[in-house]
Amino acid sequence: MNYYLTILIYMGINSILALSLNIIVGYAGQISLGHAAFYGVGAYTSALIATKLGVSFWVALPAAIVMTAFIGAILGLPSLRVSEDFLAITTIGINFVVQATFKYVKFFGGALGVSGIPFPSIGHHNLSLAEFALMTTIFTVLAAIITYWVSVSWIGLGLKAVREDELAASSSGVNVYKFKVLAFIIGSALAGLAGSLYAHFMMFITADDFSFPLSITILSMIVIGGIGTVRGAFLGAILLTILPELFRPLANYRMLVYAILLILFMRFLPEGLIGDESILWKKLTRKA
Amino acid sequence: MLRVEKLNVYYDRLHVLKDISFEVKEGEIFSIIGANGAGKTTLLRSIMGLKDVADGKIIFKGKDITRLKAHERASLGISLSFEGGRILRTLTVEENLRLGAYRIDKDRFEERLRFIYKLFPRLEERKKQIAGSLSGGERQMLSISRALMTEPELLMLDEPSFGLAPKIVIEIFQVLKKLNEDTGLTLLLVEQNVKQALKIAHRAMVIEAGYEVTRGTPDEILTNKEVIEAYLG
């Protein structure tokens, strides 16, 4: 039972990560290969203020969200200046720098990471694993509602316009800079939420939990599921959480498998399994 | 309404616009005519704020807008319909129009939408379609409509006849003329299709390789020897 609850919690955290990256890459079209950095900022913020200041999870979580949104705004600034391919390289760089900062700066716990992070509690009652899973699920649903709302609102229209054609967007009165930074702020804030959940679930984190391969895994989730859609992000996150569990012997080759899947999907199925223009989704919606 | 003073624009070291000056008065249709590569598109992009100006001034409604960003100029009342449309192909027709109305409120959006659909009834029939599925003529109509959604005082059009069948070109130019006559909208029109452009223009300017060749009323230009030799054969 505990095993399945743990998988459910991972599924929730991964879904939030996929949804959050989807805002930056899927809606706004800003390629980011360093999303694990924002996840890490959220986890470390939550872990450090909980352990150093002794505050509870309920204080650490919103603080982590705000901090990650702020860092996201700053690290999103390169997207205003550089072209698409350079942004990909810049975000990889950001991932490595953030990871190295956590690993080598003593304040962040160094190579030993941060331990003794409190498991969430209400009053004197420590949450059970089932309660934590329920809480994660609620946060996941909230994250889905927020990203859905973003996608159908004026913000979503502005983001998609920036993705499709910056010149056309700006001559229609859309402030391209504002929307790019906004995408990084919303996307990072949600990654911060995921990071905080992760830190207080694991109760022990190290810098290597937020490395570049994880960024590629998150990107694989949305590409495989269907980029730019809420349902695609969910499907991708669920698949890439369950598959490694089903194929344990392949665990060592996981990154190889993800990389191959990523390439195959981008080449042959760029709309993913259930993206808006995918064959499967078109068939499903036609019958309905 | 719009005054351009000694505009100089470069692409790297390539000098694309050389001391271009002209004025567009309120309520008129001003056409800029020239061959491919004369600098027409660059001129419109510079006025919209999509291309940096090296030297010179752009004055709109008495305000110097030379250093303003494109979205700021859009909110002052300048709008551009791009060559080939540049519509957002993965969004629906109505979403494209909503984008144009980005800065106006909801009531005026509905009102504006009815105005557009009256102008181009075909867009209303296709409002839920993905814009990428439209024909060339419909895309051009959508592009003009999107530019109109911002409630501009100056509408700039970059080659609205580009790649279209003659019948549709005539239809679009009739709409533009009607728009100018009925609402007093000021138009700055850039065209290679000299005959159509001069037919609806009040005044026009001919440019070549970034220089002004001549300017005047359509009649004056149509009787200008140089122009006849270069464009009308």
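The notes below deal with the structure included here. (Residues numbered from 1 in each chain as written. Chains lettered and ligands numbered in written order. Predicted model: local features only at pLDDT ≥ 70, side-chain atom pairs only at ≥ 80, totals over all residues.)

### A word on the interface of chain A and chain B
Here is the rule we go by: Note on contacts: residues are paired as contacts if their backbone-placed C-beta atoms lie within 7 Å. Labels follow the DSSP assignment, with helices taken as runs of H or I lasting at least four residues and strands as runs of E lasting at least two, numbered in each case from the N terminus. Lys, Arg, Asp and Glu make up the charged group, whereas Ala, Val, Leu, Ile, Met, Phe, Trp, Tyr, Cys and Pro make up the nonpolar group; the residues left over, Gly among them, are polar.
Tallying the contact residues gives 14 residues for chain A and 20 residues for chain B. Mapped by element, the contributors of at least two residues to the side of chain A that touches chain B are α7 (154-164) and α8 (166-171) of chain A. Broken down by element, the residue count for the side of chain A that touches chain B peaks at 5 residues, all from α7 of chain A. For the side of chain A that touches chain B, the residue count by class is 5 nonpolar, 6 polar and 3 charged.

### Here we look at the sheet that holds strand β2 (residues 14-24) of chain B
All names here are of chain B. To keep it simple, the criterion reads: Strands were regarded as paired on the criterion that DSSP finds at least two bridges between them.
The 4 strands lie next to each other as β2-β1-β4-β5, forming an open sheet whose pairing is antiparallel. On the outer flanks of this sheet lie β2 and β5 (63-64), each paired with one strand and no other. Pairing geometry for strand β1 (residues 2-11) and strand β4 (residues 55-60), over 5 bridges, is antiparallel. The residue bridging Val4 from the neighbouring strand is Ile58, located in β4.

### Let's talk about the sheet that holds strand β10 (residues 211-216) of chain B
Backbone hydrogen bonds hold the strands of a sheet together, and the pairing may be parallel or antiparallel. All names here are of chain B. Condition: Fitted lines through C-alpha atoms give the axes, limited to the stretch in contact for helices. The angle between two N-to-C directions lies from 0 to 180 degrees.
Spatial strand order, β6-β7-β8-β3-β9-β10: 6 strands in an open sheet with mixed pairing. The open sheet has two free edges, formed respectively by β6 (78-81) and β10, since each of these has just one partner strand. The sheet shows a mean angle of 15° between the axes of neighbouring strands, taken without regard to direction. The sheet strands contacting helix α6 (residues 136-149) are β6 and β7 (154-158), and the helix crosses β6 at an angle near 170°.

### Some points on the pairing of strand β8 (residues 186-191) of chain B
Residue and element names in this part refer to chain B. Applied cut-off: Three exposure classes are used, based on other C-beta atoms lying within 10 Å of a residue's own C-beta, which is placed from the backbone: buried for 20 or more, exposed for 12 or fewer, and partly exposed in between.
For β8, a buried count of 6 out of 6 residues is recorded, marking the element as mostly surrounded by other parts of the structure. Judged by which residues are buried, β8 turns out to be covered on both faces: Thr186, Leu188 and Val190 on one side and Leu187, Leu189 and Glu191 on the other are all buried. Note that strand β3 (residues 29-33) and β8 share 5 bridges and pair parallel. Across the sheet, the residue bridging to Ile33 is Glu191, located in β8. Relative to β8, β7 is paired through 5 bridges, and the arrangement is parallel. Across the sheet, residue Leu155 finds its bridge partner in β8, namely Leu187.

### A closer look at the environment of Ile228 of chain B
Locating Ile228 of chain B in the fold gives a position in helix α10 (residues 225-232). Residues Ile228 of chain B and Val24 of chain B, 204 residues apart in the sequence, show an inter-C-alpha distance of 24 Å.

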